[in-house]
Amino acid sequence: MLLPALLALGPLHPSAQAEFPPGTPADALPLALAWGDNTWGEIGDGTTAVRLTAVAVGPDALAGKEISAADAGSRHSCVISEGAAYCWGDNSSGQLGGGQPIDDALHPTPEHVTGPLAHRTVTAISAGGSHTCAVADGGVYCWGANAYGQLGRAGAGSNVPVAVDTTGVLAGRTVTAVSAGAFHTCAIADAIAFCWGLNTSGQLGDGLPTGSAVPVEVQHTGSVKGASATAVAAGNYHSCVLAEGAVSCWGDNGFGQLGIGGDIAQVTTPAAPVTGGALQGQRISSLAAGGYQTCVIAGAGRHPYCWGRGTDGALGDGSTTTSPLPVALATSGGLKDKPVGSIGIAAHGGCLVSGARGYCWGSNAVGQLGTGSVAPSSIPVPMTVPGTPLEGRVLLQVGVDWTHVTAVAGRASIYPDVPIDLPARDDVDRLSATGIAGPQLGGTFRPNDPVDRKTLAAWLFRSRYPGLPDPLCSPASSRRFTDVFTADPYCGVVEWLVMAGIVVAGGKFQPSHPVNRAAAATWFFRFHHPGVIDRVCSPKAQPFTDVAVAEDFCGDVRWVRDLGIMDGPGDGTFLPHHPVSRADAATFLHRISALTSH
């Protein structure tokens, strides 16, 4: 295989700083939006005027930059743009992280977060009550108020990021997720949950009655013990973790926000997984917590469910009734049969993304539903689009707090056959923008067609070595497979697949055959773990009913499931022999690339 000399320097991983290449027109990049209360400049448009519909966050420091994530705190907001963090709004506790004097409270436009994050790549951010935390290069950093140890170290608050203490349980671990609550913080490191800060209701999950200014490990018991955690969410005085399709919560249960019924006031270690009410044991794929509520996305249809305090219609089920068990959100406002891609919840209510559009519910006293009025709603209602920056764009993600919402919106797909409500729409466009995939005949993408083996080989190579041309074949290439020849345009990437240890040479490669889900799991595992032997399943670790522990791919399937890269349809099966569509392959590649960049 004749590779460019640059490859001799070692593997290149996809950049986490910019998912769209330099030179992409500014109006094609995802941008930050906000709506609701603006007393402290938390909307970020340079004013303090309440916004009843979505407005663009004022450019300034974000001009011409791609936004990849957004979150809302009590009175401030933050985003990630090209690997850097920016915050705006209230700075009375230093929660903006730019080093501004704490008495310089109001900043109505984005400020660059400085200190130790200035030269690190930020991959996750969470805005809490009066503090903010971020994940960067595998570590976790926090800034703002520290009265209860919510920054993860002893001492006073800080107006610049400080590293969370790693001399104890976080020593040597890689952090992948963080969630800042009102006065405490939780994180995921090496698939384990950790928390620190205030512990008056047991929200740290360590079984002890005292708070901690350094991270403590959440003490899992029962069916969640040993499960790999992939997401964590901190509310006002409770916390929840998502591990292998199940959610467990701990802390305050005064409004039933733990999802275990309302007879117990609080628990200090994770309760049994939430399976009652409308959930009925469905597999959970996404988690959000805020205020005194918890919400999830579950099942093959990716439907939303919430539980906890129902005041102001905060659960979105058409009532104002508090529920200690999961209830399904009402669909009469336009959500019927639509899968949900992102959800956020706070004390007033929440917002979600479905079909690339935003729907919000709950209190609306300052326009936090984004509908153009202050009328509340106990069911999810569509946000106003005409005349707002959402016109001609699609909503990608929401960050919700009590009185305002921040969000990320992108443009419509460049492909005429990729509908605006396709869940993988942004992942498909990302493949094109980064040069990994090009259009098919007629400028289409054919998202529902199966991805074939030669195409996925090329996409993996281009993901590993962005910007480099596909390799040429060596003279020995024709001896690797009987059906791949030197003159074939895909010969070089197939040969690379062998040399990278992703497939084994010999016999036929079947370049035009679809990649099935089992093969994709194995390819992704070997792509992320070059030279590592495939994982095996223990006798008690069967991940799906149709994946036997004796199957060669069982361990790889469990790995992609545990890391949130691939999952089954929600009925306990994985469908290992079903083909992977081109759209799904785009999503899986984005997830594996994001994992690699961490």
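Residues numbered from 1 in each chain as written. Predicted model: local features only at pLDDT ≥ 70, side-chain atom pairs only at ≥ 80, totals over all residues. Heavy atoms only, no water.

## Let's talk about helix α2 (residues 453-464)
Structurally, the α-helix is built with 3.6 residues per turn, so residues lying three or four positions apart point the same way. Cut-off, in case you're wondering: Secondary structure counts use DSSP, requiring at least four H or I residues in a row for a helix and at least two E residues in a row for a strand, with both numbered from the N terminus. Multiply 1.5 Å by the residue count of a helix minus one, and that product is the helix's expected span. Think of it in three bands: residues with accessible area under 20% of the maximum for their type are buried, residues over 50% are exposed, and the middle band is partly exposed, with areas taken using a 1.4 Å probe on protein chains only.
In this model α2 runs 17 Å from its N-terminal to its C-terminal C-alpha over 12 residues, within 8% of the 16 Å that 1.5 Å per residue would give. Most of α2 is tucked away: 10 of the 12 residues are buried. Within the span of α2, buried status applies to Arg453, Thr455, Leu456, Ala457, Ala458, Trp459, Leu460, Phe461, Ser463 and Arg464.

## As for the sheet that holds strand β28 (residues 404-411)
In sheet architecture, strand pairing relies on hydrogen bonds along the backbone and comes in two forms, parallel and antiparallel. What counts, and what does not: If DSSP finds at least two bridges between two strands, the strands pair. Structural elements are reduced to axes, namely lines fitted to C-alpha atoms, with helices fitted over the stretch in contact, and the angle between N-to-C directions of any two is expressed from 0 to 180 degrees.
The antiparallel open sheet is built from four strands, whose spatial order is β2-β1-β28-β27. Both outer strands of the open sheet, β2 (51-56) and β27 (393-400), are each paired with one neighbouring strand and no more. On average, adjacent strands in this sheet sit at an angle of 25° to one another, irrespective of strand direction. As defined by bridge partners, β27 adjoins β28 across seven bridges and the pair is classed as antiparallel. Its bridge partner being in β28, Gly399 is matched across the sheet by Thr406.

## With respect to the packing of α2 against helix α4 (residues 517-528)
The cut-off we apply is this: Reported orientations rely on four angle classes, namely roughly parallel under 35 degrees, roughly antiparallel over 145, roughly perpendicular from 65 to 115, and oblique for the rest. Helix crossings get a hand from a simple test, with the near helix turned counterclockwise from the far one by less than a right angle marking a left-handed crossing and a clockwise turn marking a right-handed one. For this analysis, residues touch if any pair of their heavy atoms sits within 4.5 Å. In this count, Pro and Cys sit with the nonpolar residues alongside Ala, Val, Leu, Ile, Met, Phe, Trp and Tyr, while Asp, Glu, Lys and Arg are called charged and the others, Gly among them, polar.
Two elements in contact, α2 and α4, have axes separated by 12 Å at closest approach and are oriented at 20°. Taken together, α2 and α4 sit at an angle that is classed as roughly parallel. Seen along the crossing, α2 lies across α4 with a hand that is right-handed. Contacts between α2 and α4 pair Arg453, Leu456, Ala457, Leu460, Ser463 and Arg464 from the former with Trp523, Phe524 and Phe527 from the latter. Residue composition of the contact of α2 with α4, grouped by class: six nonpolar, one polar and two charged.

## A closer look at the pattern of salt bridges
Rule in force here: Salt bridge, as applied in this entry: a Lys or Arg side-chain nitrogen positioned within 4 Å of an Asp or Glu carboxyl oxygen.
Taken as a whole and assessed by the stated rule, the structure comprises 14 salt bridges. Put simply, Arg75 and Asp90 hold a salt bridge, and the shortest N to O gap is 3.0 Å. Within this pair, whereas Arg75 is found in the loop between β3 (67-72) and β4 (76-81), its partner Asp90 is found in strand β5 (residues 84-90), the two being separated by 15 residues in sequence. Close ionic contact of Asp562 with Arg558 constitutes a salt bridge, the shortest N to O distance being 3.6 Å. Taken together, the residues Asp562 and Arg558, both in helix α5 (residues 554-562) and four residues apart, mark about one turn of the helix. Judged on exposure class, the residue Asp562 and its partner Arg558 are both buried. What emerges from the salt-bridge pattern is a single network uniting Glu244, Arg558, Arg561 and Asp562.

## What to know about the packing of aromatic side chains
Selection rule: Ring pairs shown here join Phe, Tyr and Trp side chains whose ring centres sit within 6.5 Å, with only the six-membered ring taken for Trp; geometry is labelled stacked below 30 degrees between planes, edge-to-face above 60, and tilted in between.
Taken as a whole, this structure holds 12 aromatic pairs when the rule is applied. On the basis of an interplanar angle of 55° and a centroid distance of 5.2 Å, the ring pair of Phe481 and Phe509 is categorised as tilted. Taken together, the residues span a long stretch of sequence, with Phe481 in the loop between α2 and α3 (491-499) and Phe509 in the loop between α3 and α4 at a distance of 28 residues. Like Phe481, the residue Phe509 is buried in the burial classification. On the numbers, 6.4 Å between centres and 75° between planes, the contact of Phe524 with Phe588 is edge-to-face. Remark: Phe588 occurs in helix α6 (residues 582-597) and Phe524 occurs in helix α4; sequence separation between them is 64 residues. Taken individually, Phe524 and Phe588 each receive the classification buried, so the pair is uniform in this respect. Put simply, the rings of Tyr148, Phe183 and Tyr237 pair up and form one aromatic cluster.

## Let's talk about the sheet that holds strand β21 (residues 303-308)
Reading across from one edge, β19-β20-β21-β22 is the order of the four strands in this open sheet, with antiparallel pairing throughout. Each of the sheet's edge strands pairs with one partner strand only, and the pair in question is β19 (284-290) and β22 (323-328). In this sheet, neighbouring strand axes are inclined to one another by 20° on average, regardless of whether the strands run parallel or antiparallel. Looking at chain direction, strand β20 (residues 293-298) and β21 are connected through six bridges and run antiparallel. Paired with Gln293 across the two strands is Gly308, which belongs to β21.

## A closer look at the packing of α4 against α5
When two helices pack together, their arrangement is given by the angle between the helix axes and by the axis-to-axis distance. Contact geometry of α4 with α5 gives a least axis separation of 8 Å together with a crossing angle of 75°. Between α4 and α5, the angle falls in the class roughly perpendicular. For the pair formed by α4 and α5, the contact residues are Ala521, Thr522, Phe524, Phe525 and His528 on the first element and Asp556, Val557, Trp559 and Val560 on the second. The class makeup of the residues in the contact of α4 with α5 is six nonpolar, two polar and one charged.

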